[in-house]
Amino acid sequence: MYTSRRHRALWVVGVVFSAGLLAPLLFLGAARKGIVRNAVPVIYAAVIYPVALGRQWLPNPGDWISWVLAAVVLTAAAHAALLATAREGAAA
């Protein structure tokens, strides 16, 4: 992770196209490498997994579940992209 532009792009794409379900796992890898704090994957997991799994049991007036998942996925992707640019800026 973060060894090349290709790896960074694959990470962001993985977060987006997995509907955010891979975000906690990818950020866990980043936390183990010291790129992000340990709380980051926990926060993403605490939001993404209950909402995604509770889709069948939670009431969904106004289609809020899709909006919450979309917001978290976009936040995680932006977070990953910002980490990539911050890391590049620090290396320069």
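Up top is the structure.
Right, let's walk through the structure included here. As the structure is a prediction and not an experimental result, all values here were calculated from the model. (Residues numbered from 1 in each chain as written. Predicted model: local features only at pLDDT ≥ 70, side-chain atom pairs only at ≥ 80, totals over all residues. Heavy atoms only, no water.)

## Considerations on the overall build of the protein
Right, on to step 1. A tally of helices and strands in the protein yields four helices and zero strands.
Right, on to step 2. Mapped from its N terminus to its C terminus, the protein presents α and β elements in the order α-α-α-α.
Right, on to step 3. Expressed as a percentage of the 92 residues in the protein, the buried residues total 32%.
Right, on to step 4. Once local pairs closer than 6 in sequence are excluded, the contacts in the protein between residues at least 24 apart make up 59%. (Helix = DSSP H or I, 4+ residues; strand = E, 2+ residues; numbered from the N terminus. Buried < 20%, exposed > 50% of the residue type's maximum accessible area, 1.4 Å probe, protein only. Contact = heavy atoms within 4.5 Å.)

## Some remarks on a nonpolar patch on the surface
Right, on to step 1. Taken together, the side chains of Val13, Val16 and Phe17 make up a nonpolar region of the molecular surface, amounting to roughly 290 Å² of accessible area.
Right, on to step 2. Position of Val13 among the secondary structure elements: in helix H1 (residues 5-17). (Patch = residues over 30% accessible without salt bridge, like charges linked within 9 Å, V, L, I, M, F, W, Y side chains within 5 Å. Areas by Shrake-Rupley, 256 points an atom, 1.4 Å probe, with all protein chains shown as cover. Salt bridge = Lys/Arg side-chain N within 4 Å of Asp/Glu carboxyl O.)

## Section: the packing of helix H2 (residues 23-32) against helix H3 (residues 39-53)
Right, on to step 1. For the pair H2 and H3, interaxial distance at closest approach is 8 Å and the crossing angle is 175°. The angle between H2 and H3 places the two elements in the roughly antiparallel class. Facing H2, whose interface residues are Ala23, Pro24, Leu25, Phe27, Leu28 and Ala31, H3 presents Val40, Pro41, Tyr44, Ala45, Ile48 and Tyr49.
Right, on to step 2. Across the contact of H2 with H3, the residue classes break down as twelve nonpolar, no polar and no charged. (Axes fitted to C-alpha atoms, helices over the stretch in contact; angles between N-to-C directions. Parallel < 35°, antiparallel > 145°, perpendicular 65-115°, else oblique. Nonpolar A, V, L, I, M, F, W, Y, C, P; charged D, E, K, R; others polar.)

## Concerning H3
Right, on to step 1. Under the 1.5 Å per step criterion, the end-to-end length of H3 is 21 Å for 15 residues, consistent within 8% with the ideal 21 Å.
Right, on to step 2. Buried residues of H3: Val40, Pro41, Tyr44, Ile48 and Val51, and no others. (Expected span 1.5 Å × (residues − 1).)

## What to know about the environment of Leu83
Right, on to step 1. Here Leu83 is to be found in helix H4 (residues 64-91).
Right, on to step 2. When its relative accessible area of 15% is taken as the criterion, Leu83 is described as buried.
Right, on to step 3. Separated by 47 residues in the primary sequence, Leu83 and Val36 place their C-alpha atoms 8.5 Å from one another.

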